[in-house]
Amino acid sequence: MVHKKAGALAVLAALLMSGSAYAQQRVVTWNADYDPIPLAATEALIADFEAANPEIDVQLTNFDHEGYKNAIRNFLTADPPDLANWYAANRMRPFVEAGLFADISDVWANNGLNEALASSVLSSTIDGKQYAIPYTYYQWGIYYNRDAYAAAGVEPPAADATVDWATFLANCEKFKAAGIDCVTTGSVAKWPVAGIFDYLSLRTNGYQFHADLAAGKISWTSPEARAVFAEFAKLQPFVTENHAAIDWQDAAAIFTQGKAAHYVMGNFAVGVFKEGGMTNDNLGFMVFPEITPGVARAEEAPTDTVHLTSGAKNPEDAKLLLAYIASAEAQSKWNAAVGQLPTNAGSTVDAADPFLSEGFAALSTATGGIAQFWDRDADAEYASIGMDGFQQFLVQPEELEAILERLEQARLRLFPQ
Amino acid sequence: MANASDTVAAATALHGKRRWNQRNLAPWLFMAPGLFMFTVYVMWPIVQSISLSFYDWNGLYNRDGEFTGTFIGLQNYRELGNDPAFEVSLWNNLKWLVLYMLALPIGLFLAIFLNQTVRGIRLYKSLFFFPFVISQVVVGLIFAWFYAPNFGLFYLLTEWITGDGTAILADPDLVTYGIIAAGLWPQIAYVMILYLTGLNNVAPDQIEAARLDGAKGWKMLWYVVLPQLRPATFIAVIVTVIGALRSFDLVSIMTSGGPFGSSRVLSYYMYEMALGEIGLRMGYGAAIAVVLFAIMMVFISGFIWKMWRDEKER
C-alpha cells in the first residue's frame, strides 16, 4: 500500500512538473493531414525549427486525410489551433470569407516572400491580402512508357524537344493499331479527367481564358470553349475504354504494364509507377503538347499551404514558424524528403531525380502562368459539375450539346450575370 | 383510445385518486427515457433539417460562433425542381424501390426451398444467410471487383460470351442496375430469414386439412401458406422499402455516384451537396433530405396506419 501510494505520488509529481515545464514554453499548435512520408518530413522540419528556437514548442496534431476535410470546419470555430493545413486559391476562399483564416500579409512583406515565392503570390492572395504560406507543389504533365513506344514502333520524344499536337495524335493512331491505349486514365474519382481538360483548355486558348472559364466568366457555348471540346474529341477515341469504372491507381497498372503509352498525371504518381516496376529507364516525362501555336505555355501545379487561423492563441510565434516554413532552406529539405517541388525560388531541387528536375524546369519556364488544378481554381460546386461534364464527354462524346447546355445552366445559376 | 380512457375512468371511480395516478403516470414514466431520446435524436434533427432547408449556408460559423447562413425561403426547393442531378437521383431511387421488391419472391422461394429437414440443413441455411451478416461495404467491394473492367469475373464472362466485355459500372445506363443487384444479394438473405421464421409458425393442421381437400402446389402456397405468412410479408416489405430508400453505402463504395452522377440516389446526392468535399451547401442538402423524408413518410404512415387498423380489429 505504501509503495503504491508513493508511486502514485511520484506520477502526480511528474505530471505536475511536466505541466509546469510546458507552461514555461511558448506553444504553437498546428493541425495537419499528412501521409506518413510528408509527416516524417514535417516532424524533421519542426525539430529544426525548435532547435533554432528552443523556447518554442510546436505541437503537431495529424489527422486522417479524408477526415480532415470535415474536421477543419469544426476545429476552426470550436477549438482553433494556431496553424492549419489547407490549399491555395479558391479552396481557401470560404474560410477567408468567414474570417477564420488570418491575414498574414506582414509575414510576406517582412520576409521578402513576394519575391521568394513569386510564382505563388496570386494563388495565396484574396482581395490583395495574403492568407497562405505555400511550401510545396508538384507539376502535372504527360508520363510515358518507353516500352510501349518500342512495342508500337514509335519513336520516343527526344529530350528537350516538345512534341506537337498533330504528331501526338498521329502517334496515337499507331498505338491504337498496335493494340495499346494511347492515353490512359481512371476517372472513378473524376479529377483525373479534369487534368486532361485543363491542359487542353490551357493549350487551346491560354492561361487567362482558362482562369476565366474556371471563374465562370466564359460561356460554355462560346466558340473558344467549343474549340477546347473539339480538341478533346480528337483525343477521346484513344483514351482507355471503361475509364469511368477504373481508379487512377488501377489505370497506373495498365500504364506500367505497357498496355497504355501515356498518362496525364501529377508527379505524385511517379511513386506508384515505380512501385509497379518502372524505372527511370523506361518512364519518361514530357510537357503537354502545344495545340494552338503561339499560346504561352502554362502548366498545372497544385500548391499545398499552411494558414494562420484567426483564433490563434500564439500568433507571434506561429508567424515565426510560418516564415521558417517559407524559407528556402526548410523547403529544400522538406521537398527533398517528400519528392516534390519547393515553391521558394531560392531552394534547391534534387538533380538526381529526373522527374523533379524536369518538372522544375517545366514550371520555371512556364511563361503562360501556373494553374492550380480545376477543382482548386473553380468554385467547389462548379468544379464538380464541370468534372461530371468532362467525364461524360469522354464516355459519350455525342452528347456534347447536352453537356454544354447543362454546364452553361450551372454557370448562369452559380454566377448570375 | 376511447376504450382505454373509459377503463381509466372506471378505474378512477373504483380505486380512488392514488391508484389513478399510478396507472396514469407509470406508462409515461416507463416511456420517458425512450421519448426523451426520440425527441432529442429524431424529432429535433427533423425540425432542424426542415428549417435549415430554407437557408443558404456553407456550414461555417464565424469567429464569434454566429450562424452565417441567409434565409432564402423556398429558393432551395425551386432549384431542386430545375436540377438535372436531382431528377436523376429521384429516378434512381424509384428504380431501387421497384427492383428491391424482387427480394420478396426470391427470398420466399429460398425460404420454402430451405424449409426441409435434410442432413446439414442448418449449414445450408447459414450459408444462404451469410451475405446479410457481412458488411454492406464488403458486399460493395466484392461486387465492384466482380464487375471490374479487364479483370472482373463478370467482365470476363461477358467478354467470353459476346466477344466484347461489359463494364457495368462504367456504363451510365447499366450502373444503377448493377448496384441494385449487389444490394439485392444481402436483402434476399434478410427476407429469406424472415420467411423461414414465418414458416415455422405455419399451422401444420391447416396444411394437413388443405392437403385432405386436395390442395397442392401453387394453390396450397397462395391460399393456405401465404395468408399465414402475412406478418412476415409485412415486415419484409417494410425493411425492403426502407433498405431501398436509404441505399447509400453501396453507391458510395462502388461508384461514388458516377459515372458522371448517373448512379446517384437522393441520400448520396444529399451527402455530396452538404457534407462531401465539393458541397458545403447545407441548406440545399437539407432540402434534399426533406424530400427524401417526405417520400419515406408516405410509406411509413401507410405502415403505421395499417398496424393501427390491425390492432383495432383485434
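Remember, predicted model here, so these are calculated numbers, not experimental data.

Draft legend 1. Geometry of the overall build of chain B. Scanning chain B from N- to C-terminus turns up 14 helices and 2 strands. Relative to the globule expectation of 20 Å for 314 residues, the C-alpha radius of gyration of chain B, 25 Å, shows a markedly less compact shape. For the C-alpha atoms alone, the extent of chain B along its principal axes is close to 75 × 65 × 30 Å. A buried classification covers 39% of the 314 residues belonging to chain B. Across chain B, every contact between residues at least 6 apart in sequence was considered, and the portion connecting residues at least 24 apart equals 64%. Carbon and sulfur atoms make up 67% of the accessible area of chain B, which totals about 18700 Å². Once the 21 positive and 20 negative side-chain charges of chain B are each reduced to a mean point, those two points are 16 Å apart.

Draft legend 2. Local environment of the overall build of chain A. For chain A, the count of helices and strands is 20 helices and 13 strands. In terms of overall dimensions, chain A is globule-like: its C-alpha atoms have a radius of gyration of 24 Å, near the 22 Å expected for 417 residues. Referenced to the eigenvectors of the C-alpha coordinate spread, the extents of chain A come out at roughly 85 × 50 × 45 Å. A sequence separation of at least 24 residues applies to 77% of the contacts in chain A between residues at least 6 apart.

Draft legend 3. Broad picture of the nonpolar core. Judged by nonpolar contacts, the single largest core of 76 residues is most densely connected at F168, W220, W374 and F390 of chain A. Apart from the residues within four sequence positions on either side, F168 of chain A is in contact with I142, V163, C182, V183, L235, H262, M286 and P289 of chain A. Grouped together as the second largest cluster of nonpolar side chains are 52 residues, I134, V191, M296 and F303 of chain B included.

Draft legend 4. A look at the interface of chain A and chain B. In this assembly, 31 residues from chain A lie in contact with 29 residues from chain B. A buried area of about 2500 Å², summed over both sides, lies between chain A and chain B, and 56% of it is on carbon and sulfur atoms. On the chain A side of the contact with chain B, R73, N242 and E381 of chain A bury the most area, a combined 23% of that side's loss. Linking chain A to chain B there are 3 salt bridges. The partner of D388 of chain A in a salt bridge is R264 of chain B, with the nearest N and O atoms 3.0 Å apart.

Draft legend 5. Region of the structure containing the domain arrangement of chain B. Residues and elements named next belong to chain B. Taken domain by domain, chain B consists of domain 1 (2–52) and domain 2 (70–313). Taking the mean C-alpha position of each, domain 1 and domain 2 sit 35 Å from one another. Between domain 1 and domain 2, the residue contacts involve 4 residues of the former and 5 residues of the latter. Across the interface of domain 1 and domain 2, roughly 390 Å² is buried in total on both sides, 81% from carbon and sulfur atoms.

Draft legend 6. How the structure looks around the pattern of salt bridges. Inspection of every chain in the model, using the stated rule, returns 19 salt bridges over all chains. Put simply, E79 of chain B and R413 of chain A hold a salt bridge, and the shortest N to O gap is 2.6 Å. With E79 of chain B in helix α2 (residues 75–81) and R413 of chain A in helix α20 (residues 400–414), this residue pair bridges two chains. Residue E79 of chain B is classed as buried on the basis of its relative accessible area of 13%. Judged by relative accessible area, which is 33%, R413 of chain A ranks as partly exposed. Between K306 of chain B and D310 of chain B there is a salt bridge whose closest N-O contact spans 2.8 Å. With a gap of 4 residues between them, K306 of chain B and D310 of chain B both fall in helix α14 (residues 282–313), about one helical turn apart.

Draft legend 7. A look at unusual backbone geometry. All names here are of chain A. Here the phi dihedral of K190 falls at roughly 70°; this positive angle occurs in a residue that is not glycine. With a phi angle near 120°, F373 is a residue other than glycine that sits in the positive phi range. Looking at the element boundaries, F373 is found in the loop between β13 (369–371) and α18 (374–377). Under the relative-accessibility criterion, F373 is labelled buried at 4%.

Draft legend 8. Representation of the packing of aromatic side chains within the structure. Residues and elements named next belong to chain B. By the definition in use, this model includes 63 aromatic pairs over all chains. Aromatic side chains F146 and Y147 sit 5.5 Å apart centroid to centroid with 40° between the ring planes, which places their arrangement in the tilted category. The exposure class of F146 is partly exposed, given its relative accessible area of 30%. Ring geometry for F248 and Y268: centres 5.5 Å apart, planes at 35°, overall tilted. You can see F248 sitting in the loop between α11 (230–245) and α12 (249–254) and its partner Y268 sitting in helix α13 (residues 266–274), a full 20 residues away along the chain. On the basis of relative accessible area, F248 is assigned to the partly exposed category, the value being 28%. Assessed through its relative accessible area of 6%, Y268 is described here as buried.

Draft legend 9. Inspection of the domain arrangement of chain A at higher detail. All names here are of chain A. According to the domain assignment, chain A consists of domain 1 (13–137 + 303–347) and domain 2 (140–300 + 372–414). For domain 1 versus domain 2, the separation of C-alpha centres amounts to 32 Å. With 9 residues of domain 1 in contact, the opposing surface of domain 2 contributes 7 residues. At the junction of domain 1 and domain 2, the tally comes to 1 salt bridge. R376 is the partner of D304 in a salt bridge, and the nearest nitrogen-oxygen pair spans 3.5 Å. Where domain 1 meets domain 2, there are 6 residue pairs in polar contact (both at pLDDT 80 or more). For the side of domain 1 that touches domain 2, the class distribution of residues is 3 nonpolar, 4 polar and 2 charged.

Draft legend 10. Geometry of a nonpolar patch on the surface. All names here are of chain B. Where nonpolar side chains cluster on the molecular surface, the patch consists of V137, V138, L141, I142, W145, F151, W185 and I253 and spans about 700 Å² of accessible area. Ranked by the residues each element gives to the nonpolar patch, the list is headed by helix α6 (residues 136–147), at 5 residues. Its place among the elements puts F151 in the loop between α6 and α7 (153–162).

Draft legend 11. Examining the sheet that holds strand β8 (residues 181–184) of chain A more closely. Residue and element names in this part refer to chain A. The mixed open sheet is built from 4 strands, whose spatial order is β8-β9-β7-β10. The open sheet has two free edges, formed respectively by β8 and β10 (283–286), since each of these has just one partner strand. Going from strand to strand, the sheet's axes swing by 25° on average, the running direction of each strand aside. Examined bridge by bridge, strand β7 (residues 140–145) and β10 share 4 bridges and lie antiparallel to one another. Residue Y144 lies in a different strand from β10, and its bridge partner there is G284.

Draft legend 12. Broad picture of the packing of helix α3 (residues 84–100) of chain B against helix α8 (residues 175–200) of chain B. Residue and element names in this part refer to chain B. Where α3 meets α8, the closest approach of the two axes is 10 Å, and the angle between their N-to-C directions is 40°. Relative to α8, the element α3 is oriented oblique. For the crossing formed where α3 meets α8, the hand is right-handed. Contacts from N92, K95, W96, L99 and Y100 in α3 reach T176, Y177, I179, I180, G183, L184 and Q187 in α8.

Draft legend 13. Spatial organisation of the sheet that holds strand β6 (residues 133–137) of chain A. Residues and elements named next belong to chain A. Strand order in the open sheet formed by 5 strands is β2-β1-β3-β12-β6, and the pairing between neighbours is mixed. The open sheet terminates on both sides in strands that have one partner only, identified here as β2 (56–62) and β6. Averaged over all pairs of adjacent strands, the angle between strand axes in this sheet comes to 25°, irrespective of strand direction. Two strands pair when backbone bridges link them, and strand β3 (residues 83–87) and strand β12 (residues 303–308) are joined in this way by 5 bridges, in the antiparallel orientation. Paired with W86 across the two strands is T305, which belongs to β12. Helix α3 (residues 65–78) rests against β1 (26–32) and β3 of the sheet, and its axis sits at about 120° to β3.

Criteria and thresholds
Residues numbered from 1 in each chain as written. Chains lettered and ligands numbered in written order. Predicted model: local features only at pLDDT ≥ 70, side-chain atom pairs only at ≥ 80, totals over all residues. Heavy atoms only, no water. Helix = DSSP H or I, 4+ residues; strand = E, 2+ residues; numbered from the N terminus. Rg over C-alpha atoms; globule rule 2.2 N^0.38 Å. Buried < 20%, exposed > 50% of the residue type's maximum accessible area, 1.4 Å probe, protein only. Contact = heavy atoms within 4.5 Å. Areas by Shrake-Rupley, 256 points an atom, 1.4 Å probe, with all protein chains shown as cover. Lys, Arg positive; Asp, Glu negative; His and termini not counted. Charge placed at Lys NZ, Arg CZ, Asp CG, Glu CD. Core = buried A, V, L, I, M, F, W, Y, C linked by side-chain atoms within 4.5 Å. Buried area = accessible area lost by both parts, 1.4 Å probe. Salt bridge = Lys/Arg side-chain N within 4 Å of Asp/Glu carboxyl O. Domains from an automatic or database assignment. Phe/Tyr/Trp six-rings, centres within 6.5 Å; stacked < 30°, edge-to-face > 60°. Polar contact = N/O pair within 3.5 Å; in protein donor to acceptor, adjacent residues only side chain to side chain. Nonpolar A, V, L, I, M, F, W, Y, C, P; charged D, E, K, R; others polar. Patch = residues over 30% accessible without salt bridge, like charges linked within 9 Å, V, L, I, M, F, W, Y side chains within 5 Å. Pairing = 2+ DSSP bridges. Axes fitted to C-alpha atoms, helices over the stretch in contact; angles between N-to-C directions. Parallel < 35°, antiparallel > 145°, perpendicular 65-115°, else oblique. Left-handed = near helix turned anticlockwise from the far one by under 90°.

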